Amino acid sequence: MTANVDYLVALFCTTSGTSGNQLGSDEKEIIQLVWQVVDLANKKFIQQLSNGISFGTGTSFCLCTDGQLHVRQVIHPEASSKNIMLPECFYSFFDLRKDFKKSFPESADLKDLDVQSMAEYLNIKPDVSVYGYGSKKVQTMSDIILALISDPLCYKFSLPEGVNEKFETGTCSKMERVDDNTVIRARGLPWQSSDQDIARFFRGLSIAKGGVALCLNAQGRRNGEALVRFVSEEHRDLALRRHKHHMGNRYIEVYKATGEDFLKIAGGTSNEVAQFLSRENQVIVRMRGLPFTASAEDVLLFFAPACPVTGGKDGILFVKYPDGRPTGDAFVLFSCEEHAQNALKKHKEILGKRYIELFKSTVAEVQQVLNRYTSAPLIPIAPAPIIPVVPQPPFAPPPGVRDCVRLRGLPYTATIEDILEFLGEFTADIRPHGVHMVLNQQGRPSGDAFIQMKSAERAFLTAQRCHKKTMKDRYVEVFQCSAEEMNIVLMGGTLNRNGLSPPPCKLRRLSPPSYTFPPPTAILPPEAATLYQPQVLLAPRPVQPSPAFYPASTQLFMNYTAYYPSPPGSPTSLNYFPSPSSAPALAAQPGALVRMQSLAYNSGVKEILNIVQGYQNPPEAVTLVDSLYAQPGGSEGLVALPALLSTKQPLQNRTHGHLGGPFLDLQLL
């Protein structure tokens with residue numbers, strides 16, 4: 001904006017903290033404010049007076065500072081924190097460095113310019129008669145101004161910089177391009193803070209119209225974060241210097257963000273929302289907890305007569321699911337702050353049979369809530385694999401088949417191995433790709449997991465026998481459910497006693513396929529395996545290669561699944577043993593009973609199995625004899641070995657061995 005200025009006020013301030021390029025970054029108070037007036041028409045100084053200077057009617061003056069920090073990072077933030085109303089003259093100023101750069105384009109970069117370097121460039125000598133750091137700075141600035149407006153330059157100060165006096169609300173389209181270098185993320189905000197509070201925190205900097213977007217969590221509540229879009233990269237960099245400045249008693253963290261992040265929160269495409277938000281300078285109030293049968297007339301009656309709604313029914317926007325069902329949320333417009341404050345006093349008053357929660361809202365929050373509920377659900381059918389390494393398993397059986405189980409209340413540190421150990425014998429009934437761990441919006445375990453079983457009968461038995469078993473000192477609830485119910489929960493919906501609720505737009509994320517197992521190794525070495533019959537060797541099922549269902553660059557909310565893990569080498573590696581139905585029956589084979597004498601008193605099943613490693617003995621085949629019947633030399637153990645021990649040759653080298661120190665005596669019975 002062009003302005004005709006008669007006087008320039010060279011202004012310089014000092015705080016009790018850092019100075020130079022870090023001025024104002026530590027929230028310290030102003031301790032010195034020095035100024036001097038320059039008459040541009042007569043090209044001379046006006047002496048400072050103790051009672052100030054009076055300008056005649058029709059004359060204009062403007063501040064002139066050495067850079068942006070004095071006005072934007074010191075004066076305005078301190079005035080905001082102390083609730084001081086600044087005069088109009090503090091909302092426009094000239095940056096001496098930028099005007100100097102316009103006159104001398106070949107000079108140093110803006111970030112390297114300061115009063116001393118500009119004076120040296122113009123061969124201006126400091127006035128030795130002036131005392132004081134601030135006074136010398138102001139005197140030198142005045143000399144530089146006079147040099148610029150004098151012959152031969154005759155520079156004219158006509159384009160002052162402005163400071164936004166009030167934040168302007170507005171809408172943002174998802175198709176709009178937002179520069180990545182103009183967006184920041186503020187974290188640690190009080191939950192009740194509004195967009196005006198955030199704009200006040202960044203007072204002195206120019207925020208773009210509608211450039212404050214409050215973030216919501218999965219439950220639709222504010223999570224203490226906001227994305228702020230500034231008019232330029234210069235203002236974004238100044239905002240980053242307010243990292244850990246305070247809003248009330250809380251310090252606010254400020255980080256860089258991207259334009260894509262901002263559009264995800266503040267962007268919208270609904271014409272209905274655009275029409276609702278087209279009325280500018282309106283105060284928005286969010287209603288939460290409305291009865292599903294509530295109408296616009298009920299809302300108008302709820303607020304009447306103390307706080308009339310702008311536009312009547314047109315000033316009310318109900319939030320609905322894609323199928324048209326109400327969510328219980330609505331947004332209401334009020335023409336002024338007074339009406340909005342009167343409306344907020346009705347917080348938790350009754351409408352119908354429900355109490356209503358009222359919050360002051362923002363344009364970005366309206367867009368975010370509408371995007372969350374009205375977007376299309378997750379793609380029900382996965383795209384065809386690029387490389388069909390293995391056939392894709394059926395993800396959803398016919399509806400009505402309850403062949404899945406839900407684990408609720410898992411410890412947050414639980415892993416897939418813990419789940420397999422928890423399920424015990426039922427791990428053999430898990431479908432391939434059938435383990436689904438649910439993560440929350442932060443990518444952390446939510447305490448839920450879903451398991452796809454081979455049949456509804458096995459799912460029923462799993463739920464019956466594993467319900468409220470403990471895992472790491474916590475009991476875990478196990479419920480039988482269907483694949484349809486599982487898909488709804490995995491997509492972000494809820495499953496409780498009241499039934500199913502469809503998922504919102506922001507879907508829960510599933511665990512990525514990061515869990516892998518080493519390739520299975522043979523239980524017996526190849527040279528030893530040739531001695532025994534192949535049908536009695538229980539080799540673990542090998543892990544299938546990973547199918548490439550999606551290209552790596554696909555940006556979708558995909559149903560990532562963790563593969564069903566097989567034992568990585570031996571049945572005891574994850575406390576997993578094949579179920580009797582899927583493994584050869586040992587009882588049908590001729591076997592042998594081995595007596596082990598002189599066991600250590602602290603010997604257990606695990607130590608005994610290590611002695612006969614390679615002979616495929618489940619823990620049930622080991623019996624520790626009570627010490628009352630053991631010989632004085634130590635405890636005894638009985639081991640039932642499979643058919644491969646029907647000849648004594650394999651045990652000839654193990655008839656005497658060591659276990660934890662004692663000398664063992666092995667005898668075939």
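Residues numbered from 1 in each chain as written. Predicted model: local features only at pLDDT ≥ 70, side-chain atom pairs only at ≥ 80, totals over all residues. Heavy atoms only, no water.

### Considerations on the overall build of the chain
- Helix and strand counts for the chain stand at 16 helices and 32 strands.
- Within the chain, contacts between residues at least 6 apart in sequence are counted, and of these 73% link residues at least 24 apart.
- Entry remark: accessible area of the chain is about 35,100 Å², with carbon and sulfur atoms responsible for 53%. (Helix = DSSP H or I, 4+ residues; strand = E, 2+ residues; numbered from the N terminus. Contact = heavy atoms within 4.5 Å. Areas by Shrake-Rupley, 256 points an atom, 1.4 Å probe, with all protein chains shown as cover.)

### Section: the sheet that holds strand β9 (residues 207–216)
- Reading across from one edge, β9-β10-β8-β12-β11 is the order of the five strands in this open sheet, with antiparallel pairing throughout. Whereas interior strands pair on both sides, the edge strands pair on one side only; in this sheet they are β9 and β11 (245–247). Strand-to-strand, the axes of this sheet are offset by a mean angle of 35°, without reference to chain direction.
- Relative to strand β10 (residues 222–230), β9 runs antiparallel, the two being bridged by five bridges. The partner of I207 across the bridge, within β10, is F230. (Pairing = 2+ DSSP bridges. Axes fitted to C-alpha atoms, helices over the stretch in contact; angles between N-to-C directions.)

### Notes on unusual backbone geometry
- Here the amide bond leading from D151 into P152 is cis, since omega sits at 5°, within 30 degrees of zero.
- Considering the arrangement of structural elements, one finds P152 in the loop between α4 (133–149) and β6 (161–162).
- In this structure, the amide linkage connecting A304 to the following residue, P305, adopts the cis form with an omega of -5°.
- Checked against the element boundaries, P305 lands in the loop between α9 (296–303) and β15 (316–320).
- Here K43, not a glycine, exhibits a phi torsion of approximately 55°, which is positive.

### Considerations on the pairing of strand β5 (residues 92–95)
- Relative to β5, strand β4 (residues 61–65) is paired through three bridges, and the arrangement is parallel. Paired with L63 across the two strands is F93, which belongs to β5.
- A crossover connection joins β4 to the parallel β5 through helix α1 (residues 69–81); in handedness this β-α-β unit is right-handed.
- Here two bridges tie β5 to β6, and the two strands are oriented antiparallel to one another. (Right-handed = clockwise from strand over helix to strand, strands pointing away.)

### Let's talk about the sheet that holds β4
- Spatial ordering of the open sheet is given by β3-β2-β1-β4-β5-β6, a layout of six strands whose pairing is mixed. Every other strand in the sheet has two partners, leaving β3 (44–46) and β6 as the edge strands with one partner each.
- Those strands touched by α4 are β1 (7–15), β2 (30–39), β3 and β4, and its axis lies near 25° from that of β2.

### A closer look at the environment of A274
- Considering the arrangement of structural elements, one finds A274 in helix α8 (residues 271–276).
- A274 sits 93 residues away from Q367 along the chain, and the two C-alpha atoms are 9.1 Å apart.

### Here we look at the nonpolar core
- Ranked by internal contacts, the top residues of the largest apolar core, which has 27 residues, are L8, L96, I144, I145, L148 and F157.
- Contributions of two or more residues to this core are made by β1, β2, β4, α2 (96–103), α3 (115–121) and α4.
- The greatest single-element share of this core, amounting to seven residues, is contributed by α4.
- Residue contacts for F157: discarding those within four places in its chain leaves A3, V5, L8, F94, L96, D99, I145, L148 and I149.
- By size, the runner-up hydrophobic cluster in this structure holds 24 residues, among which are I184, L189, A199 and A226. (Core = buried A, V, L, I, M, F, W, Y, C linked by side-chain atoms within 4.5 Å. Buried < 20%, exposed > 50% of the residue type's maximum accessible area, 1.4 Å probe, protein only.)

### Here's the deal with the confidence of the model for the chain
- This prediction gives the chain a mean pLDDT of 76; 68% of its residues lie at or above 70.
- Per-residue pLDDT, averaged within each element of the chain, yields its smallest value for strand β27 (residues 509–510) (42) and its largest for strand β8 (residues 183–187) (96).
- Note on residues 642–657: pLDDT is under 50 here. Beyond four places in sequence and across chains, it has 37 contacts. (pLDDT = per-residue confidence, 0-100.)

### Regarding the side chain of E225
- Residue position: E225 is located in strand β10.
- Among the polar contacts made by the side chain of E225, one reaches the side chain of R185 at a distance of 2.9 Å.
- Those residues in contact with E225 that lie beyond four places of it in its chain are R185, A186, R187, L189, A213, L214 and C215. (Polar contact = N/O pair within 3.5 Å; in protein donor to acceptor, adjacent residues only side chain to side chain.)

### Things to note about the side chain of Q139
- Secondary-structure assignment places Q139 in helix α4.
- Residue classification places Q139 among the buried residues on the basis of a relative accessible area of 14%.
- Sequence-distant contacts of Q139, that is, excluding residues within four places in its chain, are made with Q36, F45, D127 and V130.

### Digging into the environment of L240
- Among the secondary structure elements, L240 is positioned in helix α6 (residues 233–240).
- Placed 13 residues apart in sequence, L240 and E253 show a C-alpha to C-alpha distance of 8.9 Å.
- When sequence neighbours within four positions are dropped, the list of residues in contact with L240 reads I184, V254, Y255 and K256.

### Quick notes on the packing of α2 against α4
- Between α2 and α4, whose axes approach to 11 Å, the crossing angle comes to 35°. α2 and α4 meet at a crossing whose hand is left-handed. The segment α2 lies against α4, with L96, F100 and S103 engaging M141, I144, I145 and L148.
- Taken together, the residues of the contact of α2 with α4 sort by class into six nonpolar, one polar and no charged. (Left-handed = near helix turned anticlockwise from the far one by under 90°. Nonpolar A, V, L, I, M, F, W, Y, C, P; charged D, E, K, R; others polar.)

### Some words on the state of the cysteines
- According to the stated counting rule, one finds zero disulfides in the structure shown.
- Between C307, a cysteine without a disulfide, and C336, which holds the nearest cysteine sulfur, the sulfur-to-sulfur distance is 10.0 Å.
- Note on C307: relative accessible area 1%, which makes it buried.
- Here C481 stays free of any disulfide, with the sulfur of C404 as its closest cysteine sulfur at 5.2 Å.
- On the accessibility criterion, C481 (2% relative accessible area) is buried. (Disulfide = S-S within 2.5 Å.)

### Observations regarding the pairing of β15
- Bridging between β15 and strand β16 (residues 326–334) involves four bridges; their strand directions are antiparallel. By the bridge assignment for β16, L317 is matched with F331.
- Between β15 and β16, which pair antiparallel and follow one another directly, the connecting turn spans five residues, one of which, G324, has a positive phi of 95°.

### Some remarks on the packing of aromatic side chains
- Tallying each qualifying case throughout the model produces ten aromatic pairs.
- Geometrically, the ring pair formed by F100 and F104 is tilted, given 4.9 Å between the ring centres and 40° between the ring planes.
- Among the aromatic side chains, those forming a connected cluster through ring pairs are F94, Y155 and F157.
- Above the ring of F302, the side-chain terminus of K346 is found at 5.8 Å from the ring centroid. (Phe/Tyr/Trp six-rings, centres within 6.5 Å; stacked < 30°, edge-to-face > 60°. Lys NZ or Arg CZ within 6 Å of the ring centre and 35° of its normal.)

### Some points on the pattern of salt bridges
- Applying the stated criterion to the full structure yields 27 salt bridges.
- Its salt-bridge partner being D448, residue R406 comes within 2.6 Å of it at the nearest N-O pair. With R406 in strand β20 (residues 404–408) and D448 in strand β22 (residues 445–453), this pair connects stretches of sequence that are 42 residues apart. For the pair formed by R406 and D448, the shared burial category is buried.
- Linked through salt bridges whose partners overlap, the residues forming this network are R72, K98, E161 and E234. (Salt bridge = Lys/Arg side-chain N within 4 Å of Asp/Glu carboxyl O.)

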